[in-house]
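Structure assessment
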Amino acid sequence: MGLGGCILLIAVGAILTFATDWEMDGLNVTVTGVIMMAVGLIGVAVFTSIARRRRAAPPVAQTTVVEPDQQPRGY
């Protein structure tokens, strides 16, 4: 699940929690919305921690270049 999916879960959960007044037998819509928002927030946290690790640039290995002397020898 990417970042978009996590944000979608948060949005749908917020709609179910705050903007609806449906009642269903055997399912509490408000609790379902809160659970969806919690899962979306956990998903965002996991996604950003993984993305931060991927962005960390490995240390650049420095190469040393040794050039020969430019002066002619023996003259």
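Residues numbered from 1 in each chain as written. Predicted model: local features only at pLDDT ≥ 70, side-chain atom pairs only at ≥ 80, totals over all residues. Heavy atoms only, no water.

Observations concerning the overall build of the protein chain
Helix and strand content of the protein chain: 2 helices and 0 strands. By the burial criterion, 15% of the 75 residues in the protein chain qualify as buried. When contacts within the protein chain are restricted to residue pairs at least 6 apart in sequence, long-range pairs at least 24 apart make up 50% of them. When the accessible area of the protein chain is evaluated, it comes to approximately 6,700 Å², of which 63% is carbon and sulfur surface. (Helix = DSSP H or I, 4+ residues; strand = E, 2+ residues; numbered from the N terminus. Buried < 20%, exposed > 50% of the residue type's maximum accessible area, 1.4 Å probe, protein only. Contact = heavy atoms within 4.5 Å. Areas by Shrake-Rupley, 256 points an atom, 1.4 Å probe, with all protein chains shown as cover.)

Notes on the side chain of Thr17
Within the secondary structure layout, Thr17 lies in helix α1 (residues 3-18). One polar contact links the side chain of Thr17 to the main-chain amide nitrogen of Val34, over a distance of 3.2 Å. Not counting the four nearest positions on each side in its chain, Thr17 is found in contact with Thr30, Gly33, Val34 and Met37. (Polar contact = N/O pair within 3.5 Å; in protein donor to acceptor, adjacent residues only side chain to side chain.)

Let's talk about a nonpolar patch on the surface
A surface patch of nonpolar side chains, amounting to about 390 Å² of accessible area, comprises Met1, Val31, Ile35 and Val39. Mapped onto the fold, Met1 is located in the segment before α1. (Patch = residues over 30% accessible without salt bridge, like charges linked within 9 Å, V, L, I, M, F, W, Y side chains within 5 Å. Salt bridge = Lys/Arg side-chain N within 4 Å of Asp/Glu carboxyl O.)

Comments concerning the environment of Thr20
Its location among the elements puts Thr20 in the loop between α1 and α2 (29-55). Counting along the chain gives 10 residues from Thr20 to Thr30, while the straight-line C-alpha distance between them is 8.3 Å. For Thr20, the residues in contact, after removing those within four places along its chain, are Ile15 and Val29. A distance of 2.8 Å separates the side chain of Thr20 from the backbone oxygen of Leu16, its partner in a polar contact.

Thoughts on α1
Side chains three or four residues apart in an α-helix point the same way, a direct result of the helix having 3.6 residues per turn. For α1, which comprises 16 residues, the first-to-last C-alpha distance of 22 Å matches the rise-based estimate of 22 Å (1.5 Å per residue) to within 8%. Taken residue by residue, α1 has Cys6, Leu9, Gly13, Leu16 and Thr17 as its buried positions. Looking down the long axis of α1, one finds its buried residues gathered within 95 degrees of arc, a one-sided arrangement. Structural note: α1 exposes Gly4, Leu8 and Phe18 on the side pointing more than 90 degrees away from its buried face. (Expected span 1.5 Å × (residues − 1). Arc of directions from axis to C-beta.)

A closer look at the environment of Phe18
Relative to the elements of secondary structure, Phe18 occurs in helix α1. Residue classification places Phe18 among the exposed residues on the basis of a relative accessible area of 66%. Taking the C-alpha atoms as reference points, Phe18 and Gly33, separated by 15 residues in sequence, lie 8.5 Å from one another.

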